Amino acid sequence: MVAQLIKMLPDLHNIPLFDATGVNERIDRFCKRSIKKNSKASGLKLALSMVDLTTLEGKDTEAKVRQLCYKAMHPHDLLKDLPSVAAVCVYPSYVGIAKKALEGSAIQVASVATAFPSGQSKLSVKLDDTRFAVDQGADEIDMVISRGAFLSGNYQYVFDEIAAVKEVCGKAHLKVILETGELDTLDNVRKASEIALYAGADFIKTSTGKIQPAATMQVTYVMLQAIKDYYLATGKMVGMKPAGGISTSKIALQYLVMLNEVLGERWMNKHYFRFGASSLLNDLLMQLVKLDTGAYQSPDYFSKD
Amino acid sequence: MNRLDIHKTYKLYLGGKFPRTESGRYYPVHDSSGNLLANMCLASRKDFRNAVVLARKAQPAWKRVTALNKGQILYRIAEMLEARKAQFITELSAHGLSQQSAKKEVEAAIDSLVYYAGWSDKYQQLFSTVNPVSSSHFNFSVVEPVGVVAIKAPETPGLLGLVSMLAPAVVGGNTVIILASEQQPLTAISFAEVLHSSDVPGGVVNILTGKEQELISHMATHMDVNALVYCGSDKTVRQSISELSSDNLKRTIFYNQDHWDKAQGESPYIIEATQELKTTWHPTKAS
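Residues numbered from 1 in each chain as written. Chains lettered and ligands numbered in written order. Predicted model: local features only at pLDDT ≥ 70, side-chain atom pairs only at ≥ 80, totals over all residues. Heavy atoms only, no water.

A. Main features of the pattern of salt bridges. Residue and element names in this part refer to chain B. Per the counting criterion, the structure on display carries 34 salt bridges over all chains. Residues Asp 224 and Arg 56 are paired through a salt bridge, measuring 3.3 Å at the closest nitrogen-oxygen approach. Here Arg 56 lies in helix H1 (residues 45–64) and Asp 224 lies in the loop between helix H8 (212–221) and strand E8 (227–231), a separation of 168 residues in the sequence. Here Glu 144 makes a salt bridge to Lys 63, at a shortest N to O gap of 3.6 Å. (Salt bridge = Lys/Arg side-chain N within 4 Å of Asp/Glu carboxyl O. Helix = DSSP H or I, 4+ residues; strand = E, 2+ residues; numbered from the N terminus.)

B. Expanded view of the state of the cysteines. All names here are of chain A. Evaluation of the coordinates by the stated rule reveals zero disulfides over all chains. Here Cys 89 is not disulfide-linked; the sulfur of Cys 69 is the nearest cysteine sulfur, at 11 Å. Relative accessible area serves as the criterion here: at 0%, Cys 89 is assigned to the buried category. (Disulfide = S-S within 2.5 Å. Buried < 20%, exposed > 50% of the residue type's maximum accessible area, 1.4 Å probe, protein only.)

C. Focus on the side chain of Thr 175 of chain B. Residues and elements named next belong to chain B. For Thr 175, the position within the fold is in strand E6 (residues 175–179). One polar contact links the side chain of Thr 175 to the main-chain carbonyl oxygen of Ala 55, over a distance of 2.9 Å. Excluding residues within four positions of it along the chain, Thr 175 makes contact with Ala 55, Arg 56, Ala 58, Gln 59, Trp 62, Gly 147, Val 148, Val 149, Gly 203 and Val 204. (Polar contact = N/O pair within 3.5 Å; in protein donor to acceptor, adjacent residues only side chain to side chain. Contact = heavy atoms within 4.5 Å.)

D. How the structure looks around the packing of helix H10 (residues 217–234) of chain A against helix H11 (residues 249–262) of chain A. Residues and elements named next belong to chain A. Two numbers describe how H10 lies on H11: the axes approach to 10 Å, and their chain directions differ by 25 degrees. Judged by the angle between their axes, H10 and H11 are roughly parallel. Both H10 and H11 take part in a crossing whose hand is right-handed. Residues Met 217, Thr 220, Tyr 221, Leu 224, Gln 225 and Lys 228 of H10 touch H11, and the partners they reach there are Gln 254, Tyr 255, Met 258, Leu 259 and Val 262. Of the residues in the contact of H10 with H11, the class split is seven nonpolar, three polar and one charged. (Axes fitted to C-alpha atoms, helices over the stretch in contact; angles between N-to-C directions. Parallel < 35°, antiparallel > 145°, perpendicular 65-115°, else oblique. Left-handed = near helix turned anticlockwise from the far one by under 90°. Nonpolar A, V, L, I, M, F, W, Y, C, P; charged D, E, K, R; others polar.)

E. Highlighting the packing of helix H2 (residues 20–30) of chain A against H10 of chain A. Residues and elements named next belong to chain A. At a closest axis distance of 10 Å, the pairing of H2 and H10 adopts a crossing angle of 100 degrees. Compared by their axis directions, H2 and H10 come out roughly perpendicular. Note on element contacts: H10 touches H2 through Met 217, Gln 218, Tyr 221 and Gln 225, opposite Val 23, Asn 24, Arg 26, Ile 27 and Phe 30. Here the residues of the contact of H2 with H10 sort into five nonpolar, three polar and one charged.

F. Structural view of the interface of chain A and chain B. Across the contact, nine residues belong to chain A and nine residues belong to chain B. Carbon and sulfur atoms make up 50% of the area that chain A and chain B hide from each other, which totals about 860 Å². On the chain A side of the contact with chain B, Ala 295, Tyr 296 and Tyr 301 of chain A bury the most area, a combined 62% of that side's loss. Counting across the interface, chain A meets chain B through zero salt bridges. (Buried area = accessible area lost by both parts, 1.4 Å probe.)

Shown next as structure tokens:
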């Protein structure tokens, strides 16, 4: 209960500012590492184990979710020693189905909630949405912040909302989506990260995937820095999930390089880092098969879901 | 003060752009008396891989372009090449051809483009069929492009060989990656400039310069390449291409090195080589 009491909005006047040029230069250096052969293979496998395999579409069906769960458990059976993905991410109405389909595996079921993707609804509806997902068995909840309130400067509202959702989550892990594509500046991203971290997020996540730009290395870098500062201040490790727009192995490896150099090895696992993606998985598999056989691969020979 | 000549940098042609090779490597090309003509990009297997991605991306849209429009675009290439004839004659002469045979080769290349432009809306009628069957079905077979075609152009003739292998694959709705002649590559890249100004969508034709020995096995093993056209007579190379291509049942098409100098160099059957036949059984009422 003590933890509850000290939970309060941090001083947002006193947080580091980010210079876009400086951030770009730092990012450039992350992208120039040469990762080959064995280290590439282990990097790809690590990335694979961090994937939150996602389907968030109006046209989702039970069968599609079941198929996705199968793919999560059996990414590519022709390759030996492959890890499974970290989680399957679906809408609340499919949590039950995913949970059943993944029974017996270590794969988590994540669900978006709180009037995803816009977050434009009243708090009670958002809490109900979350409760429904948790009752259905979701292990992780991906909530969206109220960007409207954030941009009008109503930070306390955003903070309280996250804290309220966290309470409803119970044992389920809470990932807070900042939707950085709508926050306009890196300083806003840092500010929103700060609010989410102190409000009790277990993960902070860049995007819903419904807004362009989705995850970029720039915003991810700013969020990783926020996680680092939060860790130094409180001793609590919080995870990071870039989502949307990460579709190739090359980019995924660059994110891992950044993760390693900003937060270090303790964050280099699926408990503290995730990729929210759908098409990334097949690209990782194609690269792994390429390393195995020496021949460049074609999407024709990998299952779509 | 004497003016410094400005020499052209010959680069690759990938996805409608002219990038340098990602490897940063190059190889020198000399004329017959040993003078340096140019430093050509020595394309790597990664360049080839990137080219395949671009060709694959361009394929669906190019396949859907109407036959009439494909023909017009090929004719347009011929027009642009005609307008820049002098440049190509100069480049071929630099490779050691006499003025006269250079002119002959450029004109043959232009004529070949016009020839295949003409076939654009006709080869389908030649190779598609209505098949007699013993049930109440209307059964017909139509030709469709195989998809992404990798081509190793003949060593000589540098320009005519390239055009004669490229035009039939492209007019058939395929997108191509073509590895130009190693010893006569100048005109290949200048030809890319012609393509670039001829309404050919980016990615439909991708041109690499480099060494066959380095790239051919990757062209053969790449799972996302649907057909490989190889112009060369070496039996061992052909054998190895056939073996490596078997993994994705890639179609392999072999032509002899001197194929293009003869009358058989132009033929609708060269279009057919990179087409596949699809058969439909359409139910009809019993008669």
